[in-house]
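Fold and geometry: a report
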Amino acid sequence: DTAWKWILQGDLELYRLRAHAIMGVRQKERDGRGGDLLVKLRCVVERITYQNPENGYSVLKVRVKGYQDLVPLVGNLLDAAVGSVLLVDGNWKIDGKYGRQFLAERWEETMPATVYGMEKYLGSGLIKGVGPRFAKRIVGHFGTDTLEVIETEIERLLEIPGIGRRRVEQIREGWERQKEIKNVMLFLQDHGVSTAFAARIYRQYGNESIAKVKENPFRLADDVWGIGFKTADGIAEGLGFGKESFVRLRSGIMYALSRLADEGHVYGEREQLLKKAAELLEADESVLVMTMDQMLKDRDLILETKIVFDESVGDEVRTDAVYLPPFYFAEIGAANGLLRLKREPAGDRLWARLEQARTETGNPELSVDVSRIEKQLQMTYDETQAEAIRLAARSKVMILTGGPGTGKTTVTQGIIAAFRAGGLKILLAAPTGRAAKRMTEATGLPAKTIHRLLE
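A few points on the structure. (Residues numbered from 1 in each chain as written. Predicted model: local features only at pLDDT ≥ 70, side-chain atom pairs only at ≥ 80, totals over all residues. Heavy atoms only, no water.)

Notes on the pairing of strand S5 (residues 99-110)
The criterion, for reference: When DSSP finds two or more bridges between a pair of strands, those strands are recorded as paired. Elements are defined by DSSP. Helices are runs of H or I of four residues or more, strands are runs of E of two residues or more, and each kind is numbered from the N terminus.
Pairing of strand S3 (residues 71-76) with S5, which is carried by two bridges, proceeds in the parallel orientation. In the strand pairing of S5, Val74 is matched with Leu103. Across 11 bridges, the pairing between strand S4 (residues 85-95) and S5 is antiparallel. Along S5, the bridge assignment pairs Asp89 with Arg106. Between S4 and S5, which pair antiparallel and follow one another directly, the connecting turn spans three residues.

Pasting the structure below:
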């Protein structure tokens, strides 16, 4: 009754939405699925409005039977091409900015069944050698048998005026490539890989995707941005990889170490790392020890013995530090850079004058006169703050640290005053724009972000 009321009122769009919802309920009841109610939509892709190659998010304009206007279709639809026929499960939604859209939850591509669909599919640029003009000729000649002819009797394309053997070979190669992409996508989706990740995997490995994933699914965590150990582990389980296979244990150890890095650590202590990996992988620690030894031998990991202060025992202890190579070389590089700065003399006049005065007086601690800075700034520094200013003047690199209210900004103003009195050019930089703005407000000098300073 309500549907008839809408129709009589001329609100066909509302009726159509309701009809889709009813079909979605019936489809759900037949399939026995739980969760949200999904509506089925069969459509032909007419236009690609937007695609994000990183995450697969796409906005397509599609033609749906019974709808006069093109319908906006949104979701992870990265490898959907113009002209392709999609069977989509999803729901209608109203976007505050763009209006009514169909949000795809899952979808599959089916081959076009109509002459119109085949012409759009072939003329989309998906297959090299076929544009809209040749697509019209081919479909006009073969009709609904077009795709069957390309699949099984491609030489018959020579019947079309203007198509020679070279173009037929181009079409054959393009057709095979599209088939390979679809095979890869179907294989990956069958093993629980989302459309967005499947597209990234194909871009990384191309036609070798299936072989590489079957050989070692854990390499996905190393090679493909956004895929972590847990996703790769799920794929591996579906492919029948054992819990104590070397590739799984190796990837799990790498993942445990990268999690420590996310917490701010450049290395993990060997025992700590083995314990974390054992919990994650549900594997015996003795097997993990053998795996880690092999990884150290292969230089997948780097081991360094360190002397560190252990608060629990109140003394220095030796510990085995395990690094991921990028963090090891980053730490070594940063340390060497600081040592190089420390060793080499500065070229500025303040450094030269202080160095000469230290030599003449035999006082290696000699530095700027803080009392003069206090008069200039009309400020009084305690001994710790004054020493910070003196240390900055005679150091190539200095770290000033302290909690809120300890006078870091006040000391910074004193350091700047000392440098300006020495005739130095000063650049101020901060990690973020907000911090740079605060620095400008505190010092009265222009400050930049580090990125902008380095251009």
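Structure shown, so let's carry the discussion forward.
A few points about unusual backbone geometry
The backbone of Gln378 shows a phi angle near 55 degrees, a positive value even though the residue is not glycine. By the secondary structure assignment, Gln378 is in the loop between helix H16 (370-377) and helix H17 (383-394). Unlike most non-glycine residues, Glu455 shows phi in positive territory, near 55 degrees. Turning to its location among the elements, Glu455 is positioned in the segment after helix H20 (450-453).

A word on the packing of aromatic side chains
Threshold: Stacked, edge-to-face and tilted labels apply to pairs of Phe, Tyr and Trp rings (six-membered ring for Trp) whose centres lie within 6.5 Å, assigned for plane angles under 30 degrees, over 60, and everything in between, in that order. Exposure classes here rest on a 1.4 Å probe applied to the protein chains alone. A residue is buried below 20% of its type maximum, exposed above 50%, and partly exposed in between.
Scanning all chains against the criterion turns up nine aromatic pairs. Ring centres of Phe218 and Phe241 lie 6.4 Å apart, and the angle between their planes is 85 degrees; on these two criteria the pair is classed as edge-to-face. Here the residue Phe218 occupies a position in the loop between helix H8 (209-215) and helix H9 (219-223), and Phe241 occupies one in the loop between helix H10 (229-238) and helix H11 (246-262), the gap between them amounting to 23 residues. When its relative accessible area of 23% is taken as the criterion, Phe241 is described as partly exposed. Considering the side-chain rings of Phe229 and Tyr255, the 5.4 Å spacing of their centres and the 25 degrees angle between planes classify their relative orientation as stacked. In this pair, Phe229 sits in helix H10 while Tyr255 sits in helix H11, placing the two residues 26 residues apart along the sequence. Among the residues examined, Phe229 registers a relative accessible area of 3% and is labelled buried. Ring pairing ties together the aromatic residues Phe218, Phe229, Phe241 and Tyr255, which thus form one cluster.

As for the sheet that holds strand S8 (residues 315-323)
The test is simple: Angles here are taken between N-to-C directions and fall from 0 to 180 degrees, while the axes themselves are lines fitted to C-alpha atoms, restricted in helices to the stretch in contact.
Strand order in the open sheet formed by three strands is S6-S8-S7, with antiparallel pairing between adjacent strands. The strands lining the two open edges of the sheet, one partner per strand, are strand S6 (267-269) and strand S7 (302-310). In this sheet, neighbouring strand axes are inclined to one another by 45 degrees on average, regardless of whether the strands run parallel or antiparallel. Note: S7 against S8, nine bridges, orientation antiparallel. Bridged to Ile302 within S8 is Tyr323.

Side note on a negative patch on the surface
For clarity, the threshold we go by: Only residues whose relative accessible area exceeds 30% and that take part in no salt bridge are eligible for patches, with like-charged residues grouped when within 9 Å of each other and nonpolar side chains (Val, Leu, Ile, Met, Phe, Trp, Tyr) grouped when within 5 Å. The accessible surface values rely on the Shrake-Rupley method and a 1.4 Å probe; as for residues, cover is taken only from the protein chains in view. Salt bridges are defined by distance alone: a side-chain nitrogen of Lys or Arg within 4 Å of a carboxyl oxygen of Asp or Glu. We treat Lys and Arg as the positive residues and Asp and Glu as the negative residues; His and chain ends play no part in the count. A charge is said to be at NZ when it belongs to Lys, at CZ for Arg, at CG for Asp and at CD for Glu.
A cluster of acidic side chains, namely Glu244, Glu271, Asp284, Glu285 and Asp320, defines a negative patch on the protein surface. Tracing the backbone through its elements, the reader meets Asp320 in strand S8. By relative accessible area, Asp320 is classed as partly exposed at 31%.

Re the environment of Tyr267
Our working definition: The contact rule is simple, with two residues in contact once any of their heavy atoms fall within 4.5 Å.
Assignment of secondary structure puts Tyr267 in strand S6. Of the residues examined, Tyr267 reaches a relative accessible area of 22% and is grouped as partly exposed. The residues contacting Tyr267, other than those within four sequence positions of it, are Leu257, Lys306, Val308, Ala321, Val322 and Tyr323.

Brief notes about the side chain of Thr291
Assignment of secondary structure puts Thr291 in helix H13 (residues 285-297). Assessed through its relative accessible area of 3%, Thr291 is described here as buried. Residues within four places of Thr291 in sequence aside, it is in contact with Phe246, Leu249, Arg250 and Ile253.

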